[in-house]
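Observations on the three-dimensional arrangement
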Amino acid sequence: MEELMTTALLPLPEDDATLIRRADLPLYLPIAAQTAARWSCEGQGPRFIKIGKRLVAYRVGDLKDWLRGQARNN
């Protein structure tokens, strides 16, 4: 029987202006970096910042706003 692996997520930083790189997003939210990349191409997911040609980051405040918008009653 396989054991269910549980990974503890880090809490989002307090400062809403803190930037989290897309590659580090799975440390804070149960979302793969590849999923976040696909969402950005589809116009979905949290707001992001593009720095230069390759670096994509998320403001903690934008992540918190997006998470609040994901709440559902049923």
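Fair warning: this is a prediction, and the values are worked out from it, not measured in the lab. (Residues numbered from 1 in each chain as written. Predicted model: local features only at pLDDT ≥ 70, side-chain atom pairs only at ≥ 80, totals over all residues. Heavy atoms only, no water.)

Let's shift gears to helix 2 (residues 60-69). Burial in helix 2 covers these residues: Val60, Gly61, Asp62, Leu63 and Trp66. Contacts from the buried residues of helix 2 go to strand 1 (19-21), helix 1 (33-42) and strand 3 (55-59). (Buried < 20%, exposed > 50% of the residue type's maximum accessible area, 1.4 Å probe, protein only. Helix = DSSP H or I, 4+ residues; strand = E, 2+ residues; numbered from the N terminus. Contact = heavy atoms within 4.5 Å.)

Before going further, it helps to examine the pattern of salt bridges. Where charged atoms of side chains with opposite charge meet at close range, the side chains can pair. Scanning the entire structure with this criterion turns up five salt bridges. Among the ionic pairs, Asp24 bridges to Arg21, the shortest N-O distance being 3.1 Å. Asp24 gets classed as partly exposed once you look at its relative accessible area, which sits at 24%. The class for Arg21 is partly exposed, based on a relative accessible area of 44%. The salt bridge involving Glu42 is made with Arg38; its shortest N-O contact spans 3.6 Å. Linking Glu42 with Arg38, this pair stays in helix 1, spanning four residues, or about one helical turn. (Salt bridge = Lys/Arg side-chain N within 4 Å of Asp/Glu carboxyl O.)

Turning our attention to the packing of aromatic side chains. Scanning the model with the defined rule gives two aromatic pairs in all. Judged by centre distance (5.6 Å) and plane angle (50°), the rings of Trp39 and Trp66 are tilted. Of this pair, Trp39 sits in helix 1 while Trp66 is found in helix 2, placing the two residues 27 residues apart along the sequence. The exposure class of Trp66 is buried, given its relative accessible area of 16%. Ring geometry for Phe48 versus Tyr58: centroids 6.4 Å apart, planes at 65°, classification edge-to-face. (Phe/Tyr/Trp six-rings, centres within 6.5 Å; stacked < 30°, edge-to-face > 60°.)

Leu12, Ile20, Leu25, Leu29, Ile31, Tyr58 and Leu63 are the most contacted members of the largest nonpolar core, which has 13 residues in total. Residue assignment for this core shows that the elements contributing at least two residues are helix 1, strand 3 and helix 2. Per-element accounting of this core gives the leading share, three residues, to helix 2. Ignoring sequence-local partners within four residues, the contact set of Tyr58 consists of Thr18, Leu19, Ile20, Arg22, Leu25, Ala36, Pro46, Arg47, Phe48 and Leu63. (Core = buried A, V, L, I, M, F, W, Y, C linked by side-chain atoms within 4.5 Å.)

The pairing of strand 1 with strand 3 spans three bridges and is antiparallel. Counted as the bridge partner of Arg21 is Ala57 from strand 3. What sits between the antiparallel neighbours strand 2 (residues 49-51) and strand 3 is a turn of three residues, in which Gly52 has the positive phi angle 70°. (Pairing = 2+ DSSP bridges.)

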